[in-house]
Amino acid sequence: MDALTLLLTRRSMSHLTTPAPEGQSLDNILAAGMRAPDHGTLRPWHFVVIQNQGLDKFGQLLEKAAINANLGKEAEEKAKKAPLRAPLIIAVIAKIVVDTKIPAWEQVITAGCCVHAMQMAAVAQGFGGIWRTGSWTSDPVVRSGLACQQDDKIVGFLYLGTPKFNPTMKSSSADIKDFVTYF
């Protein structure tokens, strides 16, 4: 698949199974993240690879967060099972560098570019993925469990694996003219 086709046909895949990227495939995905645009060469990111027994451990962390937030038994069970939606998750954390001229918002965007690059690298190698965010990205229990510092931001969780099935219909693209103004 050439780069333009990859970018123009990208879509999230939420139904994932084994095999997950491993070895050189996983290294390629992580290396693609490292190539994100990075003003000031701060490298304001950190990747937490969650796989195998780590998925259960991460589920226990999410369950603990749900208990701490008093979300109820149903939400606690759902949280515990959430990491099992894919055989591999990469949590991406913006490691904000405070003493720099580069604003924090720009560093968060840079970390977001890491997620996009990693998802594209996964798709280019035949895998599927979905970038998930939600309340867990700011939850204090989850942040502590992933060793976030005060200024760090979890920009998301990249769920990766092999699509369980091929999509039956093409993802429709919005009309460019509705989103572009020429100045």
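All values reported here derive from a predicted model rather than from experimental measurement. (Residues numbered from 1 in each chain as written. Predicted model: local features only at pLDDT ≥ 70, side-chain atom pairs only at ≥ 80, totals over all residues. Heavy atoms only, no water.)

**A closer look at the environment of threonine 100**
Position of threonine 100 relative to the elements: it lies in the loop between strand S3 (88–94) and helix H5 (104–124). Measuring from C-alpha to C-alpha, the distance between threonine 100 and leucine 42 comes to 9.0 Å, with 58 residues separating the pair along the chain. In contact with threonine 100, other than residues within four places in its own chain, are Leu42 and Gln107. In this structure the side chain of threonine 100 is engaged in a polar contact, spanning 3.4 Å, whose partner is the backbone nitrogen of isoleucine 102. (Helix = DSSP H or I, 4+ residues; strand = E, 2+ residues; numbered from the N terminus. Contact = heavy atoms within 4.5 Å. Polar contact = N/O pair within 3.5 Å; in protein donor to acceptor, adjacent residues only side chain to side chain.)

**Side note on the pattern of salt bridges**
When their charged atoms lie close together, side chains carrying opposite charge are able to pair. With the rule as written, the count across this model stands at four salt bridges. Between lysine 73 and glutamate 76 there is a salt bridge, with the nearest N and O atoms lying 3.6 Å from each other. Here the residue lysine 73 and the residue glutamate 76 both occupy positions in helix H4 (residues 73–81), the gap between them amounting to three residues, near one helical turn. For lysine 73, a relative accessible area of 69% gives the class exposed. (Salt bridge = Lys/Arg side-chain N within 4 Å of Asp/Glu carboxyl O. Buried < 20%, exposed > 50% of the residue type's maximum accessible area, 1.4 Å probe, protein only.)

**So, helix H3 (residues 53–68)**
Taking 1.5 Å per residue as the helical rise, H3 with its 16 residues ought to reach 22 Å, and the 23 Å between its terminal C-alpha atoms agrees with that figure. Leu55, Phe58, Gly59, Leu61, Leu62, Glu63, Ala65 and Ala66 are the residues of H3 that are buried. Of the surrounding secondary structure, the elements contacted by the buried residues of H3 are strand S2 (45–51), H4, S3, helix H6 (140–145) and strand S5 (153–163). Positive backbone phi, approximately 55 degrees, marks asparagine 70, located one or two places after H3. (Expected span 1.5 Å × (residues − 1).)

**Brief notes about the environment of valine 48**
Note that valine 48 resides in strand S2. Separated by 98 residues in the primary sequence, valine 48 and leucine 146 have C-alpha atoms spaced 7.7 Å apart.

**With respect to the packing of aromatic side chains**
Given two aromatic rings, one states the distance between the centres and the angle between the planes to describe the pair. Scanning all chains against the criterion turns up one aromatic pair. Relative to phenylalanine 157, the ring of phenylalanine 58 lies with its centre 5.5 Å away and its plane at 45 degrees, an arrangement referred to as tilted. On the criterion of sequence distance, the pair formed by phenylalanine 58 in helix H3 and phenylalanine 157 in strand S5 is long-range, its members being 99 residues apart. No difference in accessibility class separates phenylalanine 58 from phenylalanine 157, as the two residues are buried. Above the ring of tyrosine 159, the side-chain terminus of arginine 132 is found at 5.2 Å from the ring centroid. (Phe/Tyr/Trp six-rings, centres within 6.5 Å; stacked < 30°, edge-to-face > 60°. Lys NZ or Arg CZ within 6 Å of the ring centre and 35° of its normal.)

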